[in-house]
Amino acid sequence: MYEFSLSTPTNLADAVAQQQDSGGKYLAGGQTLVPTLKLRLADPGHLISLRRIAELRTVSEADGFLTLGAGLTHHEVARSVLVQHRLPFLARMAGAIGDPAVRNRGTLGGSVANNDPSADYPAALLALGARVVTNRRELPADEFFQGLFATAITEDGDESELVTAIRLPCLRRAAYAKFKHPASGFALIGVAVVQGDEDQVRVAVTGSGFGVARLREFEAALSQRFAAESLASLSLSPDEFASDSATSADYRAALAKAMTADAVRQIIQGFF
Ligand SMILES: Cc1cc2nc3c(=O)[nH]c(=O)nc-3n(C[C@H](O)[C@H](O)[C@H](O)COP(=O)(O)OP(=O)(O)OC[C@H]3O[C@@H](n4cnc5c(N)ncnc54)[C@H](O)[C@@H]3O)c2cc1C
């Protein structure tokens, strides 16, 4: 690790000012950033911890939306009674991230800002049509996530911008099906399916290797008829998936279809 200093602001305005003064990096749960520092892959000089900022840790509901503070840990999202009631699939998803140590430290905002191509939240947010709130703006998930580890924040290059909250429509007919990488627990493939108002369906996949994405052909078929059988004649191109040491593009493409069907069945059987 290179040497660094650490500050622990207790409000957002101070956190942003400290980033602007130091040019440092925000530290949330540290589950990605700390290993990166240990490997000397980053040398930020100064870290601004977000853990003591109470305004980043709230949960509220209004006008059919849940608003979750970016500083909530995965464990807190999983245990929130409001999330369990309004978006039960999200509570279950958060409760299955990594292991207890990761869930007790890792945060919603850290995961969304990092946009790891195998992370779970990006798929859930994209399928829900959630909105990402930062200290500067509010963006639909479709615009926020922009590829491998890339987001509207990283693309715009203002390092003081931070995710403050996520606004999620309370759409109960939603499910997430994940095929875990046996070693890391990350998604080898994870698919979120949401049936919204007027039966419009949104489907998003994580783990493809190219960043979170919607599966438009599946969405069209499932919006016509919401049944796993609607996918029978469809297949995903392996060109949209990566091959690596874990598995092949062909297998990932097949898994994405199987996980979509699994999520559809969960919704039909009322497991949401
Ligand atoms: C062993 C292991 C298993 C895991 N398994 C899974 C899994 O199954 N599924 C899954 O989805 N994830 C998994 N993760 C990832 C983990 O869940 C964390 O969400 C992720 O590491 C980032 O969150 P964090 O709060 O730790 O962020 P940090 O590591 O603190 O920060 C990550 C990056 O985001 C930036 N950042 C943090 N917060 C904000 C913010 N609010 N606004 C702007 N930028 C910010 C930081 O500056 C840094 O660049 C796993 C991690 C580990 C170590």
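All figures in this text were calculated on a predicted structure; none of them were measured in a lab.

A separate point is the site of the ligand. Neighbouring the ligand are 30 residues, the closest being G29, Q31, G98, G109 and G110. Listed by contribution, the elements that provide at least two residues to the shell around the ligand are β2 (25–27) and α7 (108–114). Among the elements that make up the shell around the ligand, the one with the highest residue count is α7 (five residues). Along the lines of polarity and charge, the residues of the shell around the ligand split into 14 nonpolar, 14 polar and two charged.

Entries for the protein chain in the domain assignment read domain 1 (5–49), domain 2 (56–169) and domain 3 (174–268). Here the C-alpha centroids of domain 2 and domain 3 sit 20 Å apart. If you look at the interface, domain 2 gives 20 residues, while domain 3 gives 23 residues. The set of elements that each furnish at least two residues to the side of domain 2 that touches domain 3 consists of α5 (88–94) and α8 (121–128). Take the side of domain 2 that touches domain 3: its biggest share by element is six residues, from α8. In terms of residue class, the side of domain 2 that touches domain 3 is built from 14 nonpolar, four polar and two charged.

Conventions used here
Residues numbered from 1 in each chain as written. Predicted model: local features only at pLDDT ≥ 70, side-chain atom pairs only at ≥ 80, totals over all residues. Near = placed C-beta within 6 Å. Helix = DSSP H or I, 4+ residues; strand = E, 2+ residues; numbered from the N terminus. Nonpolar A, V, L, I, M, F, W, Y, C, P; charged D, E, K, R; others polar. Domains from an automatic or database assignment. Contact = placed C-beta atoms within 7 Å.

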